[in-house]
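So the chains spell out like this:
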Amino acid sequence: GPPAGRPAVWRCVPPRRGSQRQPAAPANRQRVARAGLPRTMASKKKETQEYDVDLNGQQLHETSCGDVSFEREMCDMFDEEVDKHRVTLDAALAAGDQKAAHVAVHGMKGSSAQLGLLGTARHCKQLELKAAAGDLDAIAAVKETHYAFLDESKRALRAHVEQNAKAAGDGGGGGA
């Protein structure tokens, strides 16, 4: 059983070895370019960054303890959280509220990372740094592309969960 004082769900997550994460399997990677979004975005240093959802299916599986219905529920919660944070970010940008913008992109980052959307979390981290520095104009400049990227992340997550459900023989569908 689990250690005293810990919930039973802790038994489902194997201990991590070292501090390195397992890389996502190539079959789990979903490219934003499939949605017709730009593959690159120029930064101040004229470097390019590819928007890559980088879905780590193993991390999602560990978080859900392999429960497909719970994965579907997590997809629904992720959709709701992202939509809530969008409203907050829009209001923060309109009001010039640095702290609220930071809280919104931080929430998007955390939700993405928890579900194994590692590329999405990295992208949100960049926006979080801009918000922390008070560079709200830079966030406003990429807001629509960011929202399209989040929408693609939601689609990739749901597609992955439904693919796993079908493979597991649970084709009951679910969510939006």
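Note that this is a predicted model, so its numbers are computed, not measured.

1. Some remarks on helix α5 (residues 136-167)
Turning to step 1, where the next piece is worked out: With 32 residues, α5 extends 44 Å from end C-alpha to end C-alpha; this agrees with the ideal 46 Å at 1.5 Å per step.
Turning to step 2, where the next piece is worked out: Roughly 55° is the biggest bend found in α5, and it falls at Lys143.
Turning to step 3, where the next piece is worked out: Residue Gly169 follows α5 closely and has a positive phi angle near 85°.

2. A closer look at the environment of Met108
Turning to step 1, where the next piece is worked out: Within the secondary structure, Met108 sits in helix α3 (residues 98-114).
Turning to step 2, where the next piece is worked out: The exposure class of Met108 is buried, given its relative accessible area of 0%.
Turning to step 3, where the next piece is worked out: On a C-alpha basis, the gap between Met108 and Lys84 in space is 9.4 Å, while along the polypeptide they are 24 residues apart.
Turning to step 4, where the next piece is worked out: Residues in contact with Met108, not counting those within four places in the same chain, are Val82, His85, Arg86, Leu89, Cys124, His146, Tyr147 and Leu150.

3. Section: the nonpolar core
Turning to step 1, where the next piece is worked out: In this structure, Leu89, Ile139 and Leu157 are the most contacted members of the largest nonpolar core, which totals 29 residues.
Turning to step 2, where the next piece is worked out: Secondary structure elements with two or more residues in this core: α2 (68-95), α3, α4 (118-132) and α5.
Turning to step 3, where the next piece is worked out: Take this core: its biggest share by element is 9 residues, from α5.
Turning to step 4, where the next piece is worked out: In contact with Ile139, other than residues within four places in its own chain, are Leu89, Leu93, Leu127, Lys130 and Ala131.

4. Overview of the side chain of Lys109
Turning to step 1, where the next piece is worked out: Tracing the backbone shows Lys109 in helix α3.
Turning to step 2, where the next piece is worked out: What makes Lys109 buried here is its relative accessible area of 18%.
Turning to step 3, where the next piece is worked out: Reaching out from Lys109, the side chain makes a polar contact with the side chain of Glu128 at a distance of 2.8 Å.
Turning to step 4, where the next piece is worked out: When near neighbours in sequence (up to four residues on either side) are disregarded, Lys109 contacts Ala121, Cys124, Lys125 and Glu128.

5. Quick look at unusual backbone geometry
Turning to step 1, where the next piece is worked out: One non-glycine residue, Asp54, adopts positive backbone phi at about 50°.
Turning to step 2, where the next piece is worked out: Mapping Asp54 onto the fold places it in the segment before α1 (57-64).
Turning to step 3, where the next piece is worked out: The exposure class of Asp54 is buried, given its relative accessible area of 7%.
Turning to step 4, where the next piece is worked out: If you check the backbone angles, Cys65 has positive phi at about 55° while not being a glycine.
Turning to step 5, where the next piece is worked out: Positionally, Cys65 belongs in the loop between α1 and α2.
Turning to step 6, where the next piece is worked out: Since its relative accessible area comes to 29%, Cys65 is described here as partly exposed.

6. Structural notes on α1
Turning to step 1, where the next piece is worked out: Regarding α1, the residues found buried are Gly57, Gln59, Leu60, Glu62 and Ser64.
Turning to step 2, where the next piece is worked out: Check the buried side of α1 and you find it contacts α2, α3, α4 and α5.
Turning to step 3, where the next piece is worked out: Looking at where α1 begins, the residue whose side-chain oxygen comes 3.1 Å from the main-chain nitrogen of Gln58 is Asn56.
Turning to step 4, where the next piece is worked out: A positive backbone phi angle near 55° is found at Cys65, which sits one or two residues after α1.

7. Digging into the confidence of the model for the chain
Turning to step 1, where the next piece is worked out: Averaged over all residues, the pLDDT of the chain equals 77, while 68% of them reach at least 70.
Turning to step 2, where the next piece is worked out: Low pLDDT, under 50, characterises residues 6-49; the stretch is placed with 53 contacts to residues that sit more than four places away or in other chains.

Thresholds, definitions, all that
- Residues numbered from 1 in each chain as written.
- Predicted model: local features only at pLDDT ≥ 70, side-chain atom pairs only at ≥ 80, totals over all residues.
- Heavy atoms only, no water.
- Helix = DSSP H or I, 4+ residues; strand = E, 2+ residues; numbered from the N terminus.
- Expected span 1.5 Å × (residues − 1).
- Bend = angle between axes of the 7 residues up to and from the residue.
- Buried < 20%, exposed > 50% of the residue type's maximum accessible area, 1.4 Å probe, protein only.
- Contact = heavy atoms within 4.5 Å.
- Core = buried A, V, L, I, M, F, W, Y, C linked by side-chain atoms within 4.5 Å.
- Polar contact = N/O pair within 3.5 Å; in protein donor to acceptor, adjacent residues only side chain to side chain.
- pLDDT = per-residue confidence, 0-100.

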